[in-house]
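Listed here are the chains, written in short residue letters.
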Amino acid sequence: MKFEKQETFSVDGLITCDAEVMSGTPVFKNTRVPIKNLIDYLESGETLDEFLEDFPSVKRNQAVNVLQLAKEMLLTHVYANSN
């Protein structure tokens, strides 16, 4: 994904992509923590609490809401492509 110098993109106020923050990597809003870090933690068997302990700038409700958004997006995609 390519970004203009001043462009900022936000998903539901939870995730931002800004060329000036982590080179445009999707991060939790108002942090420098990539969303991918949460997925990687859970994928490797770590708990949400362990993730939050290691990344204190991310609030529990942010992480839970991002996971809920991911669930909704996945289900929407599956329903839209099923028949």
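First, a word on what this report is: a plain description of the structure on this page.

Rules used throughout
Residues numbered from 1 in each chain as written. Predicted model: local features only at pLDDT ≥ 70, side-chain atom pairs only at ≥ 80, totals over all residues. Heavy atoms only, no water. Core = buried A, V, L, I, M, F, W, Y, C linked by side-chain atoms within 4.5 Å. Buried < 20%, exposed > 50% of the residue type's maximum accessible area, 1.4 Å probe, protein only. Helix = DSSP H or I, 4+ residues; strand = E, 2+ residues; numbered from the N terminus. Patch = residues over 30% accessible without salt bridge, like charges linked within 9 Å, V, L, I, M, F, W, Y side chains within 5 Å. Areas by Shrake-Rupley, 256 points an atom, 1.4 Å probe, with all protein chains shown as cover. Salt bridge = Lys/Arg side-chain N within 4 Å of Asp/Glu carboxyl O. Lys, Arg positive; Asp, Glu negative; His and termini not counted. Charge placed at Lys NZ, Arg CZ, Asp CG, Glu CD.

### Section: the nonpolar core
Phe28, Phe51, Val58 and Ala63 are the most contacted members of the largest nonpolar core, which totals 15 residues. Taken together, the elements giving at least two residues each to this core come down to helix H1 (35-43), helix H2 (48-54) and helix H3 (60-80).

### As for a negative patch on the surface
Negative charge collects at one region of the surface, where Glu46, Glu50, Glu53 and Asp54 lie side by side. For Glu53, the position within the fold is in helix H2.

### Focus on a nonpolar patch on the surface
Judged by side-chain polarity, Leu74, Leu75, Val78 and Tyr79 come together as a nonpolar surface patch covering roughly 420 Å² of accessible area. Inspection of the secondary structure puts Tyr79 in helix H3. According to the relative accessible area criterion, Tyr79 is exposed, its value standing at 63%.

### Re the pattern of salt bridges
A complete count under the given rule lists two salt bridges for this structure. The shortest N-O distance in the salt bridge between Lys36 and Asp40 comes to 2.8 Å. Within this pair, Lys36 and its partner Asp40 are both found in helix H1, separated by four residues, close to a single helical turn. Lys36 gets classed as exposed once you look at its relative accessible area, which sits at 53%. Judged by its relative accessible area of 30%, Asp40 falls in the partly exposed class. Taking the shortest distance from any N to any O, the salt bridge between Arg60 and Asp49 comes out at 2.0 Å. A residue pair is termed long-range when its members are at least 10 positions apart, and Arg60 in helix H3 and Asp49 in helix H2 qualify at 11 residues. Overall, the relative accessible area of 43% leaves Arg60 in the partly exposed class.

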